Amino acid sequence: MDASQTRTIVARDLLAAVGEVMLRWGYLESAMLKALDGSTRTPVVQRWLAVAEPDAELVDGIKDAAAIRHLLAHGLCEIQARPRRGGEAEVVCRDPADALVRITFGRLREVALNLDRLRLHIDAANRA
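The rules behind each value
- Residues numbered from 1 in each chain as written.
- Predicted model: local features only at pLDDT ≥ 70, side-chain atom pairs only at ≥ 80, totals over all residues.
- Heavy atoms only, no water.
- Helix = DSSP H or I, 4+ residues; strand = E, 2+ residues; numbered from the N terminus.
- Buried < 20%, exposed > 50% of the residue type's maximum accessible area, 1.4 Å probe, protein only.
- Areas by Shrake-Rupley, 256 points an atom, 1.4 Å probe, with all protein chains shown as cover.
- Core = buried A, V, L, I, M, F, W, Y, C linked by side-chain atoms within 4.5 Å.
- Contact = heavy atoms within 4.5 Å.
- Pairing = 2+ DSSP bridges.
- Axes fitted to C-alpha atoms, helices over the stretch in contact; angles between N-to-C directions.
- Parallel < 35°, antiparallel > 145°, perpendicular 65-115°, else oblique.
- Left-handed = near helix turned anticlockwise from the far one by under 90°.

Caption draft 1: Inspection of the overall build of the chain at higher detail. Within the chain one finds four helices and three strands. Buried positions account for 34% of the 128 residues belonging to the chain. Accessible area for the chain stands at about 7700 Å²; split by element, carbon and sulfur atoms hold 50% of it.

Shown next as structure tokens:
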């Protein structure tokens, strides 16, 4: 989705996109737990990565999604959705180094779709 398609996004749409990424992250973790047959105190993603030994592309996708999820869960501090002023709607997060990171609506949608692809890949591998 390019910036011209997101210029009419309002705050409600932006917040819904944040929620969608967080929910789909939960679905991904659930698929990993199912593949692992239960849980332990070790974070599910770390445990799954160690046990499943996925290919590099899958690992990169998970790391990218995890980075966005971490920013949203622990650093979300502002939203900017001003359709009349132009520009793409975005959220602003503070990273662990105290730097501000902007995540556009289009990027949130991309991450949400990638999370579904990752989950479906894990589900398919678990069924095989």
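Once you've had a look at it, read on.
Caption draft 2: Seen up close, the nonpolar core. By size, the foremost hydrophobic cluster in this structure holds 30 residues, and its most contacted members are M32, L72, V91, I103, L108 and L115. Mapped onto this core, the elements with two or more residues apiece are α1 (11-36), α2 (44-52), α3 (56-75), β2 (90-94) and α4 (105-127). It is α1 that provides the largest number of residues to this core, a total of nine residues. Dropping the residues within four chain positions of it, L115 is found in contact with V21, R24, W25, L28 and A65.

Caption draft 3: Summary view of the pairing of β2. Counting buried positions along β2 yields four of five residues, so the element is predominantly enclosed. Taken together, the four bridges between strand β1 (residues 76-80) and β2 define a ladder with antiparallel strand orientation. If you follow L76 over to β2, its bridge partner there is C93. As paired strands, β2 and strand β3 (residues 100-104) are joined by five bridges and run antiparallel to one another. Paired with R94 across the bridge in β3 is L100. Counted along the chain from β2 to the antiparallel partner β3, the turn is five residues long, and its residue D98 has a positive phi close to 75°.

Caption draft 4: Structural detail: the sheet that holds β3. Spatial ordering of the open sheet is given by β1-β2-β3, a layout of three strands whose pairing is antiparallel. The sheet is open, and its two borders are formed by β1 and β3, each paired with just one other strand. For this sheet the average axis-to-axis angle between neighbouring strands, irrespective of direction, equals 25°. α1 rests against β1 and β2 of the sheet, and its axis sits at about 140° to β1. Against the sheet, α3 makes contact with β1, β2 and β3, and its axis sits at roughly 75° relative to β2, the strand it touches most.

Caption draft 5: Main features of the environment of C77. Mapped onto the fold, C77 is located in strand β1. Under the relative-accessibility criterion, C77 is labelled partly exposed at 42%. Other than its neighbours up to four places away in sequence, C77 contacts V92, C93, R94 and L100.

Caption draft 6: Just the environment of V59, in detail. Topologically, V59 is positioned in helix α3. Here V59 falls in the buried class, since its relative accessible area comes to 17%. Remark: the alpha-carbon pair of V59 and L118, spanning 59 residues in sequence, is separated by 9.5 Å. Every residue in contact with V59, bar those within four places of it in the chain, is listed here: L49 and P54.

Caption draft 7: Layout of the packing of α3 against α4. Where α3 contacts α4, the two axes come as close as 10 Å, and the packing angle between them is 135°. Taken together, α3 and α4 sit at an angle that is classed as oblique. Pair α3 / α4 crosses with left-handed handedness. Along the contact surface, α3 presents L58, G61, I62, D64, A65, I68 and L72, while α4 presents R107, L108, V111, L115, L118 and H121.

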